[in-house]
Amino acid sequence: MSVSSTSAAPNGAIAQLTPAQKRKESRRVILSSYLGSSIEFYDFLLYASASALIFPTVFFANLDPLAGTIASYGTFAAGYLARPLGGAIFGHFGDKLGRKKMLVLSMFIMGIASTLIGLVPGSATIGSWGAILLIALRMCQGIAVGGEWGGAALMALEHSEKGRRGFAASFTNAGAPTGAALGTFILGTTAAVLPHDDFMTWGWRIPFLLSFVLLIIGMIVRSRISESPIFLAALEKEKQNTTVKKKKLPIIEVLRRPRALILTMLAGASGFALQVLLSTFSVGYATEFGAERSSVLYAFALASVISIFFVVFFAHISDRLGRRPVMLAGLIMFVAYLPAFFKMMESNNWWLIFAAFTIALALHAIIFGPLAAFISEQFGTGSRYTGASMGYQFATLLGAGFTPTIMATLYASTGGTSVTPVMMYLIGLAIVSGVAIMLTRESKDFDLETQEH
């Protein structure tokens, strides 16, 4: 590892803090991770709703509705394809230069890319160039969020005491439903206030343009936090021990022992597939049975807000019971709930749709709450940013990147008459993730300061 000389000063300051001051700093970092992650996922997941409801008409008007939806989901997948690349790039420099610098840079890239999406002309103006620009900016989003998650999770995790790491790191994951709720609420409000034609012409751009305001807020928050004390302690130890052989690049450290990377990737895949089921496929599915678009979006947004508390709660439970048993219980319960979920989504009753989302997101929180700590704890300090980022982002690629397209294709194969193939696909992914979780080591009691694997 190597960092600029400016990082040495905060190290000494952190070492001199009293336990009470350290706890206060930990709370500041946790709050900043939560706020920053919320802003980044607002940008990233706003695209998910737009790809289901808006982009097929705006950017793929020359295709029939089903083909346009599948093509739009393809641009959605581009972001997930770019996320592992972002995880590798930001992870490398985060392990070499520090966590904080990479968090600021990732937020800047995300904010600019999301703002520019709101300015891309539709196919009626520039033809296929609109879709090309959309894909390019979506990939920038993917690279940015690929670096965001690892840094935010590690900052919260490495500022916290053992026994509270799951709780602390979960605030990064809680940023996902917060961002989803904020994006969905703003998109839904815009759709409800404006006439349909105005919304489809220019109104949908408003939530994306608001990203620039959120970018300014996020940059201010991120600039005021301190570097990870575990990273700084490892750096200091490396400086003092001149006999230690120079370490390999972080990505080499991860890839030469790929078991942790492969298992974390597979373990997290199902959770992300279930996440995009809720944010993309189920929204369109409910509207197909007569529900109003804005009503479904509001139901999902409100349920997402409620789920924030479940994410943090079940992460806290995992600090006591362990990451593995909690996550396995969540997978089993969600899969068992799938038939009832789809029936409720078919009801064209707002309260039933809201209840369906609320239950689904509560069950998803059992998987998602412990996930940040579960993945991060599998890697040593010198390569933790790289390993955790790549594990998490490959999990999103495998579980979420192509899942909307796969689900839409499977559903279309039945003529739009049955979701059984969709459920079978999700059950298969859940089995894969369950096996991978069982093959990992329980990590809640690992000593991160001495961990070098």
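This one's a predicted model, so the numbers in the text were calculated from it and none came from an experiment.

**Examining the packing of aromatic side chains**
Moving on, step 1. In this structure the tally under the stated criterion is 28 aromatic pairs.
Moving on, step 2. Aromatic pair Phe281 and Tyr411: ring centres 5.6 Å apart, planes at 90°, arrangement edge-to-face. Of this pair, Phe281 sits in helix α14 (residues 259-288) while Tyr411 is found in helix α20 (residues 403-413), placing the two residues 130 residues apart along the sequence. Taken as a pair, Phe281 and Tyr411 share a single burial class, namely buried.
Moving on, step 3. With 5.7 Å between their ring centres and 70° between their planes, Tyr285 and Tyr411 make a pair best called edge-to-face. With Tyr285 in helix α14 and Tyr411 in helix α20, the pair connects residues that are 126 residues apart, well separated along the chain.
Moving on, step 4. Here Tyr411 falls in the buried class, since its relative accessible area comes to 9%.

**Quick notes on the domain arrangement of the chain**
Moving on, step 1. Taken as a whole, the chain is organised into domain 1 (23-227) and domain 2 (248-452).
Moving on, step 2. When each unit is reduced to the centre of its C-alpha atoms, the spacing between domain 1 and domain 2 is 18 Å.
Moving on, step 3. Buried area between domain 1 and domain 2, summed over both chains or domains, comes out near 4800 Å², and the portion from carbon and sulfur atoms is 70%.
Moving on, step 4. Sorting the residues of domain 1 by area buried against domain 2 places Leu53, Trp149 and Arg165 first, and these three jointly supply 13% of that buried surface.
Moving on, step 5. Put simply, domain 1 and domain 2 have two salt bridges between them.
Moving on, step 6. Among the salt bridges present, the one from Arg384 reaches Glu158, with a minimum N-O distance of 2.9 Å.
Moving on, step 7. Our enumeration of links across domain 1 and domain 2 arrives at 19 residue pairs in polar contact (both at pLDDT 80 or more).

Procedures and definitions
Residues numbered from 1 in each chain as written. Predicted model: local features only at pLDDT ≥ 70, side-chain atom pairs only at ≥ 80, totals over all residues. Heavy atoms only, no water. Phe/Tyr/Trp six-rings, centres within 6.5 Å; stacked < 30°, edge-to-face > 60°. Helix = DSSP H or I, 4+ residues; strand = E, 2+ residues; numbered from the N terminus. Buried < 20%, exposed > 50% of the residue type's maximum accessible area, 1.4 Å probe, protein only. Domains from an automatic or database assignment. Buried area = accessible area lost by both parts, 1.4 Å probe. Salt bridge = Lys/Arg side-chain N within 4 Å of Asp/Glu carboxyl O. Polar contact = N/O pair within 3.5 Å; in protein donor to acceptor, adjacent residues only side chain to side chain.

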